[in-house]
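Geometric and topological summary
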Amino acid sequence: MLQSIGRTRVRLVQAGQAGSQCVKALVTGTLNWLEPASTRHPWINRVMLIAVLALGGWIGAESLSLPFGILADIVFGMLIALFVISLVRLVLGPGLGLVGLLLRLCTRAGLVGAIATMGLLLLLGLPLQLALLAGLVIGLALLLAGVGVAMLRSQPRKVMIGCVLMLPALLVVGTSLYWLLNEQQDEDPVMRLVDIPEHDGQPWDRYLASGPYQTGFLTYGSGKDRWRPEYADQVTWQTQSVDARDLLERPSGLGLNLRERWWGFGLDSLPINGRVWYPVDAQGRLPLVLIVHGNHDMMHYSDPGYAWLGEHLASRGHIVVSVDQNFINGGLFGGVARENGVRGWLLLEHLMAWRNWQTDPEHDLHERVDLDQVVLIGHSRGGEAAALAAAFNRLQRYPEDGRIEFNYDFGIQGVAAIAPIDGQFWASGKPTELADVSYFVIHGGMDADVYFFSGDRQLVRTHPDQTAGRFSASLYVHHANHGQFNTLWGNNDTGMIGGRLLNRSWLLSGEEQRRVGGLYLTAFIESALERTEDIPELFCDPGSAGRLLPETLYAARCDDGRRVLLADFEQGLDITRSGVNGVRLEGKGLDLWAERDIGFRGNSQRRQTGVFLGWRAVENAADEHMRPAYRVQLEPRVHQRLSLGESSVLWLDLAHLDSDPPPRLGNVDEAESQDQDGRESEKNGEEDELDSLRPPLNITVALEDADGNVVARPLSDFANLLPPLPVRHARLDLINQERFQSPTEPLLQSLAIPLAAFIADGVRPDRLESIELQFDNADSGVLVIERMAITPREGQDIP
């Protein structure tokens, strides 16, 4: 035995010496290859090599999250940098011998430094132009530093020349580090629009209060996780792994093989791991809330980041699980294609484990969990996964392969999505439709990951049933980002290094952002489980929360399932017909009247059609007869069918757009003038893009009945239509233009107009004949309406 141990030690020592010699040979070979063409100055090469290794170590420390600690991240980053240099040597080595003239003017070290810098910046997601410029500047600076060091060593008398050559490198590196580490502290110009009502937010403050229960914590899982003890020998309950290969059509490849070697399991044995917070002394069957993270570095575990929400909900009587899906996230070895269907399926497999436990008479959870009271919460890709799980829950077979049977049918009452994506996985290419659940989505205006409000798509594909106590709602939080809803993701939406390029000084603090999330998610979960008859006002009017909310701007959409559609602009080519029998649409004096996709920031399609209305400023704007208007004309059979009364409400889902109306038809001079004004506006926008907000739209709502009674009220009497809210995601304009494309996007709001205000002045709702939106053309303006709807009087069945 002792001889065997001795031989093993000798082999390990020999292997270590061999590895050390290989690394030394690689470094020496690289140093020799990096020599200047005409003369040998090895210190040039050493400076360059040290600089590149330092850059690689810094990137490793900032970006990697290996389970061995930060020292391993630094070493691994340096090895990657060394590999990049060696790869450049291998690729460019033969060709460099052909450019003798160029090599007389500079060194291979400078070329490699520039190429390596450009490559690293491109990997960080910077635009090509910026990466090229930064690579050339930094490569040249490091080259001069190397030459300066060489001169100081070989020709001590030329100290001044050597120092002058080193100065640019010191300035470039110092200035860059100072800019990266010291972020700007200016204030967002839209803050002057913030007007939080001066009240304490009752009764909604009850959702922020902790409940009466003490909370406990445990984990369940495979019991054999290689990297995470909480899912290995520390689990309270052990689970069976599941096979996801058939759902992914049995993929293969080097990346998947490397992932399997890292984790110790493959797609054929995915673990069911979860972190659980529970009320210790609660009695009876308790509701179950599952929270799932999205795509993040698989080695930077995401599931612990929802402890703030789990503990809060558990104190209020809920069992809360933060689901571990880090093993299908992307990372060092790539990702898993179209994996979001599996993310949703895994949520249902977690519920299957809970079903088995609560029906097992010998298990601790026997008769302790109410699987008819389930809410799913998902963040980022997890947001889409939660919606997919709710859709799969009602199916008997997997949509993309009918051979795979489903047998779930849990009582999922609600789905909440935090900054979700939409469309990463559409089963069989069909968007996910939701019914028989309540749905809520929250999104940050300064989200630099999912940088457009894609969850709004799922919102309109959810069809709440008021008779079953269902509703749907969304909340836009202007100064919230993507990551701060998870305490581990934080304010680095684009990674640790890329995050330093973001404009983080405008963000809410993490505590403030989670306060908004905690208030709304708690209110949603408990309202969805209670299946309340009326949608809580909080979801339609954020102002009702008063000082419970931090100072920023909020926009909400909501639907209680009771609304009768007047127009949603999705049917046919005739823009004078709404798609509802007996409803006609008319425009008067408009310079823009068109139906098309509403769109998001940049060129992303929203897959929602709206009517775009625009008007140009005129000199005689005070003349009411000259005002542009948009009219909804109702035939008698419509208002008879609607049975309207004092409790009825007109709902407009619309947005003020950051654009100008086109020139009037046939007016060449106006078109040319707008062309020049547009170029000037664009120039001014580049100089001061965010300091000039569009003036608010002055819109009048006029209702007329069949007896000729007309009552007009300003829209501002009932709701606040926000202007376009520009966002500066990044600190560099080039990044904003290339990645985020546009500072604004259509920000749809649901605005409520009670008919009681018009009835009091003489309009008869039972004989309502028209609804007209009149636009004050003292200023130009463009808006888009996504839908118009109206609620029947209370107690009236929905037609």
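Whatever comes next refers back to the structure up there.
Anyway, here's the lowdown on the structure attached to this text. (Residues numbered from 1 in each chain as written. Predicted model: local features only at pLDDT ≥ 70, side-chain atom pairs only at ≥ 80, totals over all residues. Heavy atoms only, no water.)

Across its full length, the protein carries 17 helices and 25 strands. In the protein, which comprises 799 residues, the share counted as buried stands at 53%. About 35,900 Å² of surface is accessible on the protein, with carbon and sulfur atoms providing 53% of the total. (Helix = DSSP H or I, 4+ residues; strand = E, 2+ residues; numbered from the N terminus. Buried < 20%, exposed > 50% of the residue type's maximum accessible area, 1.4 Å probe, protein only. Areas by Shrake-Rupley, 256 points an atom, 1.4 Å probe, with all protein chains shown as cover.)

A few words on helix 8 (residues 254-263). Looking only at helix 8, the buried set comprises Leu 256, Arg 259, Trp 262 and Trp 263. Along the axis of helix 8, the buried residues cluster in a sector spanning 120°; they form a single face. Along helix 8, exposed side chains directed more than 90 degrees from the buried face belong to Leu 254 and Arg 261. Positive phi shows up at Gly 264, right after helix 8, with a value of about 90°. (Arc of directions from axis to C-beta.)

Scanning the model with the defined rule gives one disulfide in all. In this model Cys 540 forms its disulfide with Cys 558; the gap between the sulfur atoms is 2.1 Å. What sets the handedness of the Cys 540 and Cys 558 disulfide is the S-S torsion sign, and at about 115° it is right-handed. With Cys 540 in the loop between helix 13 (510-530) and strand 14 (554-559) and Cys 558 in strand 14, this residue pair connects regions lying 18 residues apart in the sequence. (Disulfide = S-S within 2.5 Å.)

Our focus in this paragraph is the sheet that holds strand 16 (residues 583-588). Spatially, five strands are ordered 16-19-24-21-22 in an open sheet, and the strand pairing comes out antiparallel. The open sheet has two edge strands with one neighbour each: strand 16 and strand 22 (710-714). Along the sheet, successive strands turn relative to each other by an average axial angle of 15°, direction set aside. Examined bridge by bridge, strand 19 (residues 629-634) and strand 24 (residues 768-775) share five bridges and lie antiparallel to one another. Pairing of Ala 629 across the sheet is with Gln 774, part of strand 24. (Pairing = 2+ DSSP bridges. Axes fitted to C-alpha atoms, helices over the stretch in contact; angles between N-to-C directions.)

What follows is about a nonpolar patch on the surface. Residues Ile 70, Leu 71, Val 75 and Leu 79 make up a contiguous nonpolar surface patch of about 400 Å² in total accessible area. Along the polypeptide, Leu 79 turns up in helix 3 (residues 70-96). (Patch = residues over 30% accessible without salt bridge, like charges linked within 9 Å, V, L, I, M, F, W, Y side chains within 5 Å. Salt bridge = Lys/Arg side-chain N within 4 Å of Asp/Glu carboxyl O.)

Under the definition given, this model contains 38 salt bridges. A salt bridge links Asp 574 to Arg 577; its shortest N-O distance comes to 3.7 Å. Taken together, the salt bridges that share partners define one network made up of Asp 456, Arg 557, Arg 606, Asp 653, Glu 786 and Arg 787.

Direction vectors running N to C along helix 10 (residues 340-359) and helix 11 (residues 381-392) enclose 60°, while the axes themselves pass 7 Å from each other. Overall, the two elements helix 10 and helix 11 adopt an arrangement that is oblique. Remark: the crossing between helix 10 and helix 11 carries right-handed chirality. Between helix 10 and helix 11, the contacting residues are Asn 340, Gly 341, Arg 343, Gly 344, Trp 345, Leu 347 and Leu 348 on the first element and Arg 381, Glu 384, Ala 385, Ala 386, Leu 388, Ala 389 and Phe 392 on the second. Residue classes in the contact of helix 10 with helix 11 are distributed as eight nonpolar, three polar and three charged. (Parallel < 35°, antiparallel > 145°, perpendicular 65-115°, else oblique. Left-handed = near helix turned anticlockwise from the far one by under 90°. Contact = heavy atoms within 4.5 Å. Nonpolar A, V, L, I, M, F, W, Y, C, P; charged D, E, K, R; others polar.)

We now examine the nonpolar core. With 135 residues, the main nonpolar core has Leu 270, Leu 288, Trp 354 and Ile 412 as its most contacted residues. In this view, Leu 270 contacts Ser 241, Val 242, Ala 244, Phe 265, Phe 327, Ile 328, Val 342 and Leu 346; residues no more than four positions away in its chain are not counted. Among the nonpolar cores identified, the runner-up in size contains 42 residues, and Leu 585, Ile 699, Leu 751 and Met 788 belong to it. (Core = buried A, V, L, I, M, F, W, Y, C linked by side-chain atoms within 4.5 Å.)

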